[in-house]
Every structure is written in structure tokens, then in C-alpha cells.
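Results of the structural survey
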Amino acid sequence: MTRAGPRRRGLAILAATLLLSTVALSPAGAQYYPPGPPGDGVVISDDGLVLPVREITDDGYVVTTTCWNEGVVTGGTYISHVEVVIDPGHGGSETGAVGRNGLTEKALNLAVSELLIEELRNRGFNAIMTRTTDVRIPIVVRAEIARALKPDVFISLHHNGGATARSDLPGTEMYHQIESANSRRLAGILFEEVQQALAVYDVPWRKTVFQGASSVLRVEVQDDLYGILQYTTGTTTVLTEAAYLSTPAEARLLADPEVQKVEAVAIADGIERYLTTSDPGSGFNPMFSTSRKLSSGGPGGCRDPELGHIGVDEPGFDDVPEGTHRPAIDALRDEGILDGTECGPDLFCPLQPIKRWMMAVWLVRALDGADPGAATESRFTDAPPDRWWTPYVERLAELEVTRGCDTRPARFCPYDLVTRGQMASFLTRAFDLRGGLPSGFVDTAGSTHADAIDAVAAAGITRGCWALPPRYCPSSNTTKGEMSTLLERALRLVPRASS
């Protein structure tokens, strides 16, 4: 069987180069900067610069640089997809709002984003940030990063300035895309979570008429006022303004790392609710309209930082220790099967439970030896065609490996975690395993997956979770590390021709 070859990663060279050429920007003074093509993943340098890939070539990557120039790089860590992109607003010469205590919005946005990324990864989501350091990035480049990674959720994280009206509750504002029902729903959920989380603090809050979940039409262009919403059409994007940094009491509160953690957890709660439930959200305002132009965020006067050493994408992941699962993870990585399911740059998170959408990606690549074509429709109501992993879910259904998780309506439950019992059924159908002698596990009687567990045990794919007495733990979640070992064994023990 010919398996999927690895997506192009960093070249194994000792040094990296960056060649720059200027792209054609909008006329001087213009407020609209059309983003480039959707892109093909990102390359991340050792210094943490995130460069959206325009083209993958034999010599390296054609990228959009930090200041919206075109460059060619070799090396770096390549990532094709993530579930969530977090965009810490402002940076470099653009400080954003500044509290009376000296706290800058750019620093606060980055601090909360770092906590949010950690929280998301702890929950099993793969996520990265548009910036990891104090660097200026025009909005059009931030949007290109998001569009290149095709995330399920894109959050541009900010803190506000300018409110004077008193409020009993935090003046939390969430801005959603005018034309996107998904963006609106996410904004309503995030508003609920963030305002409720901050409301426990007794401070003199400030607000404006935008308190809640809002959209703002810029009359001149008949589109979203905020470029980050305007440039990411097709991606579920929300701009968050948790509280008012310009209010001294709120600035003091936001300077507390514990409060920053509370905000990060609230946003993570909102993202998880959006992806795993049908909750509608609340706090929606009628659409606002304005003729004003935004004066910051454009590429004018931006100078690309020194790239430094972009690095070489060495084989393996930094967080996978030598031991039980390392050989299988490395083997699947080399085959390209794990591409787009990393949890961050050079990170695999082997202890994370594997989700159903991720299982679909791995199995289809393992069975077909290639990636499926784009999906124009989906049989499952919760696997929309615009999600990058939906073609894999559709292909898995075509191969009769999955029937979904529900029929009324047809659903796949892509963010549900895969139990060890479910994993056995997936593998049994995927590799057409025949039942063998009873496995002898003492904890599988009565399980709907008992026959599949016997089949994977008879094939030598699993040895269970415990030896004395022999147990399988069918209700336990399957980790990414465990699934890597089981899938690699299946490919080695039960080879299957390409479908």
C-alpha cells in the first residue's frame, strides 16, 4: 500500500535564508488592503515569527512576511492546519490602549493569549497565535495567517479604551462578522462567558452602547468596519474586547495575572461551547453603522524585523519522550498521516485524547495513501463543507468505517472524544478484521464494542490496558499516543491495498 507522503516541511540544512520583494499595496492613504490567496499553512521561525505560506516549492516556502512583503524561506517549522488561531491584538509600535498604571494593551493581549493557548491545549485543542513576541503585524497579515491555517475558530483578542458611562456589569464587547451566523453565535457565547467571569469582581465598571455582541457596518464599503472581520470571510472570526483598560480600576484588575487567567479560561469555555454544543449565545445588539475609518492596523511604515535563525524542522516532536509510543508517532509523522493534527509548533501532545474528526483524518490517510478532494457537501449536519477535515469524514463514511454518531439528524460529533471501545470498532471496520477467540478481557462483557475488541486483540493490534487481570478499559478515552501505536501496528500487521 502506498501511504500518504509527508507534506513538505523544513529543509534539512544548517542555515536559512530570507529573500524579500515588495508586494503591490493599496494606494497611499487607502484603508482597504485586500489579502492574498488563502495560503497553504504557515512556517514558524525559531524566533516565533509566524509566516503564512503562499506556495510550497522545491527550494523552500514563498511566504508573506510580517510586514506584508513577499519572501522565500527555507527551514522553519511547517504547520498546515489548526483548530483555533488566537490573535493578540496590536504589538510593536502599535501599543493600543494604555492604562493609567502603564499597562499597555499590546502586552495584556499577549499575556492573556499565552494563557488561553495553554488552556486550549490542555483541553485537547490544537492552537497557535499570530504573534508570540512584541512585533508589529498589519491586520491584513494576521488575516492571511488565519486563512492559511483554515481554523474552525479565529479570535482577535483585545482590551478596550474610552468608555465613561457607569455600569453594574463589565462593559464586555464582542464583534462578529455581519454576514456570518457562525461568527454571530460565537460572539454571543463569548460575551456570556467573559462578562459572567469578570462580573464576580467588584469594581466601578464602564460601558458603551456596544456592550454585548455587535456587528458594525462601514457604510463606505458596505462591509465590516474591522479589517480582521472583513478579511477573514469564510472563517468564523470574533474580535473580543473583554473590559476597559482606560478605566483605572479595570486597569488595576486586568494587571493581575489571576484575572488574566480567568479571562483566558472564559474565552476557552466559550470556544469549547461553540464547537461542541448548539447554544445560541445572547447579548446581541442591532447592527450598528458608521462612516468612520480606522487609523491603525495598516502596513504603511511597517518594517520587517530581523528574521534571525528560522531553524530546521528536525524529525520528531519536542514533547514526545523516548518510550512506548515514540516509534509509532515518528513513523506516522514521516508518512504525513499526522499533518495538521499537531497541537502547536513541534508539539504533538501525545496525552491528549483524540477527537473523532482527527481519527477520520488519520484513518483516511492510512487507508487511501492520499488526501481526499475538497467537499462540496456533507451528509452530516455538524461537519460543514468549509471545515478542512470534512472531506476526510465524508471519505470515512464512503469507506463504511463510520455511520456517524446520530441519525436524526445525521451527525458525526466531530469534537467528541474517541473511547477505547469506539477505537476498536473504527479499526475493525477500517481494516476488515475478522473476529477471533475471546480476548479474555474481564471488563468488556456487555460492551457494544466487545466483538471489535476481540478482533483487534486477535490481530495483535492491542494488548489491553492492564495485565493482571487482563483489562481493556473500553470506556476510557484513547490518547493520541495510544492511537498512533495502534494505527501503526494495524498498518504493519494488516496491510490494506489503497482504495
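Refer to the structure printed above.
Quick caveat: nothing in here was measured; it's all calculated off a predicted structure.

To continue, consider the overall build of the chain. If you tally the helices and strands in the chain, you get 12 helices and 19 strands. In terms of overall size, the chain behaves like a compact globule, its C-alpha atoms giving a radius of gyration of 24 Å where 499 residues would be expected to give roughly 23 Å. Seen through its C-alpha atoms, the chain measures out along the principal axes to roughly 75 × 50 × 40 Å. Expressed as a percentage of the 499 residues in the chain, the buried residues total 56%. Relative to all contacts within the chain whose residues are 6 or more apart in sequence, the contacts with residues 24 or more apart total 78%. Positive and negative charge centroids in the chain, built from 46 and 63 side chains respectively, lie 2 Å apart.

Further remarks concern the state of the cysteines. In total, this model carries four disulfides according to the counting rule given. The disulfide partner of Cys67 is Cys302, and the S-S distance across this bridge is 1.9 Å. Across the S-S bond linking Cys67 and Cys302, the dihedral sits near -60°, which makes this disulfide left-handed. In this pair, Cys67 is assigned in the loop between β4 (61-64) and β5 (70-73) and Cys302 in the loop between β17 (288-290) and α7 (326-334), connecting sequence segments 235 residues apart.

On to α7, then. Those residues of α7 not exposed but buried are Arg326, Ala328, Ile329, Leu332 and Arg333. Seen end-on, α7 carries its buried residues on one side only, within an arc spanning 165°. For α7, the secondary structure elements touched by its buried residues are α12 (480-493). Downstream of α7 by one or two residues, Gly336 has phi in the positive range, about 80°.

Before going further, it helps to examine the packing of helix α3 (residues 181-198) against helix α6 (residues 257-276). Running from N to C, α3 and α6 point in directions that differ by 145°, and their axes come no closer than 8 Å. With respect to the hand of their crossing, α3 and α6 are arranged in right-handed fashion. From α3, Asn182, Arg185, Leu186, Ile189, Leu190, Glu192, Glu193, Val194, Ala197 and Leu198 reach across to α6, where they touch Val259, Val262, Ala266, Ile267, Asp269, Gly270, Ile271, Arg273 and Tyr274. Grouping the amino acids of the contact of α3 with α6 by side-chain chemistry returns 12 nonpolar, two polar and five charged.

Under the 1.5 Å per step criterion, the end-to-end length of α12 is 20 Å for 14 residues, consistent within 8% with the ideal 20 Å. Buried within α12 we find Lys480, Gly481, Met483, Ser484, Thr485, Leu486, Leu487, Glu488, Arg489, Ala490 and Leu491. Where α12 is buried, its residues meet α7, α8 (356-368) and α10 (420-430).

Here we take up the pairing of strand β3 (residues 50-56). Pairing of strand β2 (residues 42-44) with β3, which is carried by three bridges, proceeds in the antiparallel orientation. When the bridges of β3 are listed, Val42 appears paired with Pro52. Linking β2 back to β3 in an antiparallel pair, the connection comprises five residues, with Gly48 at a positive phi of about 90°. Pairing of β3 with β4 involves three bridges; the strand directions are antiparallel. Bridging from a neighbouring strand, Val53 pairs with Val63 of β4. In textbook terms, the turn of a hairpin is the stretch between consecutive antiparallel strands, and for β3 and β4 this stretch comprises four residues, one of which, Gly60, has a positive phi near 155°.

Parameters and conventions
Residues numbered from 1 in each chain as written. Predicted model: local features only at pLDDT ≥ 70, side-chain atom pairs only at ≥ 80, totals over all residues. Heavy atoms only, no water. Helix = DSSP H or I, 4+ residues; strand = E, 2+ residues; numbered from the N terminus. Rg over C-alpha atoms; globule rule 2.2 N^0.38 Å. Buried < 20%, exposed > 50% of the residue type's maximum accessible area, 1.4 Å probe, protein only. Contact = heavy atoms within 4.5 Å. Lys, Arg positive; Asp, Glu negative; His and termini not counted. Charge placed at Lys NZ, Arg CZ, Asp CG, Glu CD. Disulfide = S-S within 2.5 Å. Arc of directions from axis to C-beta. Axes fitted to C-alpha atoms, helices over the stretch in contact; angles between N-to-C directions. Left-handed = near helix turned anticlockwise from the far one by under 90°. Nonpolar A, V, L, I, M, F, W, Y, C, P; charged D, E, K, R; others polar. Expected span 1.5 Å × (residues − 1). Pairing = 2+ DSSP bridges.

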